[in-house]
Amino acid sequence: MTATDTSAEYSRVHGRALVFDSGVGGLTVAEELRAISPDVHVDYAADAGFFPYGDKEDAQLTERLPEVASALVGALDPDVFVIACNTASTLALPEIRERLTIPVVGTVPAIKPAARLSKTGTIGLLATPGTIRREYTAALISDFAQDVDVLLHGSVDLVTLAEAVARGETPSEEDFAAAQAPLFAQDRANQMDVIVLACTHFPLIKTQLQATAPKPVTYIDSGEAIARQTGRILASRVGDVVVEHIPRAMITDDPTRHPGLVEIFQRYGFANTEAFMLNMGERSVASVSSAGTRTRSF
């Protein structure tokens with residue numbers, strides 16, 4: 001089946017999907033889902049109160065993620081929960097699935113397709129430090145990239161740059177070049193022809209990475225694959241029902257601490273932004289509007 005055929009297969013899928021990430025990187029997955037299944041109702045949640053995940057301890061994330069996921073699903077009642085974050089997926093996907101009663105779609109670094117695409121037998125992996133050190137990532141390399149060399153680099157700076165670009169800022173080319181330079185400085189990097197963007201933030205700066213790479217390479221990510229898997233799940237669970245829906249975005253922090261997020265969400269089609277406050281099991285939602293912030297507990 002071709003990519004066009006696959007997209008057509010899910011073009012009339014309906015249902016409600018909640019896309020989740022630590023910041024704005026998951027918006028790249030939301031865009032892919034809208035492109036493949038335009039009738040799916042997509043809401044978005046950013047764990048801004050704990051951003052970024054890439055530099056957090058594993059124990060902190062393992063404790064937090066199932067709790068946040070459960071609370072968000074309880075508030076928004078989606079048909080499928082999409083973890084648009086490699087760090088969260090590689091660390092806590094089983095725990096989140098055990099906690100929720102709806103299907104969960106995780107994010108897997110595109111190591112398998114990269115290994116197949118490479119002509120030289122050397123690929124790169126750009127991710128957060130957390131994803132780089134996960135046993136899950138090592139298992140993917142062992143299972144699907146045994147016959148190729150895989151060069152790894154974990155960067156929090158790339159996440160910061162992606163968030164800046166999403167806010168409409170224009171970091172210098174030198175910043176992008178410096179952030180990915182350690183990958184190109186490794187042995188055998190001169191043979192590298194494919195790089196996996198193993199963080200959903202990174203497709204936001206794919207153009208900048210291509211422009212500042214010291215040699216021609218192909219950058220790939222898993223956004224389209226995540227969207228297709230979400231479409232498959234919704235096709236098997238949800239009937240062909242159309243209801244009115246205003247896309248919502250939620251952040252797990254006081255919105256005044258993240259003044260650029262509301263604007264970013266609006267640019268991506270999320271007209272309403274709410275602050276979803278999660279504190280030691282006590283949850284409340286604060287609606288963000290020109291009239292101020294109104295909090296309601298539940």
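Refer to the structure printed above.
This text gives an overview of the structure that appears in the document. What you are looking at is a predicted structure, and each value in this text was computed from that prediction instead of being measured.

The next thing to look at is the overall build of the protein. Helix and strand counts for the protein stand at 12 helices and 12 strands. Across the 298 residues that make up the protein, the buried fraction comes to 52%. Here the contacts in the protein between residues at least 6 apart in sequence split such that 74% fall between residues at least 24 apart. Taken as a whole, the protein presents about 13,300 Å² of accessible surface, with 48% of it coming from carbon and sulfur.

Moving on, we get to the pattern of salt bridges. In total, this model carries 12 salt bridges according to the counting rule given. As a salt-bridge pair, R64 and D47 come within 2.7 Å of each other at their nearest N and O atoms. In this pair, R64 sits in helix α3 (residues 58–76) while D47 sits in the loop between β2 (40–46) and α3, placing the two residues 17 residues apart along the sequence. For R64, a relative accessible area of 19% puts it in the buried group. Members of the salt-bridge network, linked through shared partners, are R16, D77 and D79.

For the rest of this paragraph, the subject is a negative patch on the surface. Together, D157, E173, E174 and D175 make up a negatively charged patch on the protein surface. Among the elements that take part in the negative patch, helix α9 (residues 173–184) stands out by supplying 3 residues, more than any other. With respect to the helices, strands and loops of the structure, D175 is situated in helix α9.

Moving on, we come to the nonpolar core. Core analysis: the largest hydrophobic core is formed by 52 residues, its most contacted members being L126, Y219 and F265. Excluding residues within four positions of it along the chain, Y219 makes contact with L126, Q180, F184, I195, L197, K206, L209, Q210 and A213. With 27 residues, the next largest nonpolar core counts L65, L93, V104 and L278 among its residues.

So, on to the sheet that holds strand β8 (residues 218–220). Here we have 4 strands laid out as an open sheet, ordered β6-β5-β7-β8, and parallel in their pairing. In this open sheet, the two strands that pair with only one neighbour each are β6 (149–154) and β8. In this sheet, neighbouring strand axes are inclined to one another by 25° on average, regardless of whether the strands run parallel or antiparallel. The pairing of strand β7 (residues 194–197) with β8 spans 3 bridges and is parallel. By the bridge assignment for β8, V196 is matched with I220.

Thresholds, definitions, all that
- Residues numbered from 1 in each chain as written.
- Predicted model: local features only at pLDDT ≥ 70, side-chain atom pairs only at ≥ 80, totals over all residues.
- Heavy atoms only, no water.
- Helix = DSSP H or I, 4+ residues; strand = E, 2+ residues; numbered from the N terminus.
- Buried < 20%, exposed > 50% of the residue type's maximum accessible area, 1.4 Å probe, protein only.
- Contact = heavy atoms within 4.5 Å.
- Areas by Shrake-Rupley, 256 points an atom, 1.4 Å probe, with all protein chains shown as cover.
- Salt bridge = Lys/Arg side-chain N within 4 Å of Asp/Glu carboxyl O.
- Patch = residues over 30% accessible without salt bridge, like charges linked within 9 Å, V, L, I, M, F, W, Y side chains within 5 Å.
- Lys, Arg positive; Asp, Glu negative; His and termini not counted.
- Charge placed at Lys NZ, Arg CZ, Asp CG, Glu CD.
- Core = buried A, V, L, I, M, F, W, Y, C linked by side-chain atoms within 4.5 Å.
- Pairing = 2+ DSSP bridges.
- Axes fitted to C-alpha atoms, helices over the stretch in contact; angles between N-to-C directions.

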